Amino acid sequence: MEEKNKAIFGCIVFLILILTIGIGGYYYTFKSDKHKTSDEHEMEVISENKKNQDKDFVYFDNERVISKTLGITYKDAVINLNNTQAEAITNEIKEENGKLYNDVKKISETENDTGNEILYNTDDIYSATIREYQYYNYENYMSLVISDSMYDCFNGIYDYTNVKSYMFDTKNNERVSNVDILNKKDKTLTEVKEKIRKKLEKDKINDENIMVDETIDNLNNADSYGLYIDDDGNLFIKYVVKSDNLNYNDSILID
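Since we're looking at a predicted model, the values are computed, not measured.

### Quick notes on the sheet that holds strand β9 (residues 235–241)
Argument step 1. In spatial order, the strands read β8-β9-β10; together these three strands make up an open sheet with antiparallel pairing. A strand with exactly one partner marks an edge of an open sheet, and here the two such strands are β8 (225–229) and β10 (248–253). Sheet twist, expressed as the mean angle between neighbouring strand axes with direction ignored, is 25 degrees.
Argument step 2. In this structure, β8 lies alongside β9, joined through five bridges in antiparallel fashion. Each bridged residue has a counterpart across the sheet, and for Leu227 the counterpart in β9 is Ile237.

Written as structure tokens, this is what we have:
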């Protein structure tokens, strides 16, 4: 009987030992930080750089709808990274939106001394800037593109004025300059301008109003174009095309 009890006790100890080894091995293999993949570690590092863990790398706040019909809405783009450059740009965009909001004029509050007939009486808007955002996220690159166009009650949308972009490396938690991203793709702005020129000359065949030289010269203005990496990892440039008719925005694949 004593031998039987010893055997039973031994079996129990053996089973406990096997379970301990199994559970410990599982934890070590699948749960331990030492066995996380490089991608998992990278995602953790990127996530830690967020200022607000519950938000995307760009989110919008303080939305003020001026006209749904015309698509005039001012909202502050918040760059959700814990660094001084992101905070400074967020504040800059907020200040710009505050000015755009205050500059909106209403037909009912504005004297029409232009001598022109009001052709577009939409939501009482006399004049305003239309601001649009595009946001892209690819691996460790975040891109925000901002485009502005002008509207008034005489001409509708009569001009596309500004394009600019902000790009951040979310892994290294730092802003990426236009020069840096072009260097990464072994490109220069001069090469990009030449590519745009060829496209403009081709487009001019069907639209003689396109001003090729003026558009290229305008690319010396920092607010006339924006570089961005789209959701598929492609580098694009969005820019203002100068025209005798109506300036407009266009994009071209760089690489």
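### Remarks on the nonpolar core
Argument step 1. Formed by 21 residues in total, the largest nonpolar core has its most connected members in Ile181, Ile196, Leu200, Leu227, Ile237, Tyr239 and Ile254.
Argument step 2. The set of elements that each furnish at least two residues to this core consists of α4 (178–184), α5 (189–203), α6 (212–218), β8 and β9.
Argument step 3. It is β9 that provides the largest number of residues to this core, a total of four residues.
Argument step 4. Setting aside residues no more than four positions away along its own chain, Leu200 makes contact with Ile210, Val212, Thr215, Ile216 and Val241.

### Things to note about the sheet that holds strand β6 (residues 156–169)
Argument step 1. The sheet built from five strands is open, its strands ordered β3-β4-β5-β6-β7 with antiparallel pairing. Strand pairing shows two members of the sheet lacking a second neighbour, β3 (105–106) and β7 (174–176), which therefore form its edges.
Argument step 2. Strand direction decides the pairing type here: strand β4 (residues 125–138) and strand β5 (residues 141–152), joined by 12 bridges, are antiparallel. Across the sheet, the residue bridging to Ser127 is Asp152, located in β5.

### Quick look at the environment of Thr170
Argument step 1. By the element assignment, Thr170 lies in the loop between β6 and β7.
Argument step 2. Residues Thr170 and Asn49, spaced 121 residues apart in sequence, show a C-alpha to C-alpha distance of 6.9 Å.

### Quick notes on the environment of Asn80
Argument step 1. Within the secondary structure layout, Asn80 lies in the loop between β2 (72–79) and α3 (84–102).
Argument step 2. Look at Asn80 and you get buried, because its relative accessible area is 1%.
Argument step 3. Considered as a pair, Asn80 and Asp54 are 26 residues apart in the sequence and their alpha carbons are 9.9 Å apart.
Argument step 4. Setting aside anything within four residues of it in sequence, one finds Asn80 in contact with Asn49, Lys50, Lys51, Asn52, Lys55, Asp56, Phe57 and Tyr59.
Argument step 5. Of the polar contacts made by the side chain of Asn80, one reaches the backbone oxygen of Asp56; its length is 3.1 Å.

Thresholds, definitions, all that
- Residues numbered from 1 in each chain as written.
- Predicted model: local features only at pLDDT ≥ 70, side-chain atom pairs only at ≥ 80, totals over all residues.
- Heavy atoms only, no water.
- Pairing = 2+ DSSP bridges.
- Helix = DSSP H or I, 4+ residues; strand = E, 2+ residues; numbered from the N terminus.
- Axes fitted to C-alpha atoms, helices over the stretch in contact; angles between N-to-C directions.
- Core = buried A, V, L, I, M, F, W, Y, C linked by side-chain atoms within 4.5 Å.
- Buried < 20%, exposed > 50% of the residue type's maximum accessible area, 1.4 Å probe, protein only.
- Contact = heavy atoms within 4.5 Å.
- Polar contact = N/O pair within 3.5 Å; in protein donor to acceptor, adjacent residues only side chain to side chain.

This is a description of form; function is not addressed.
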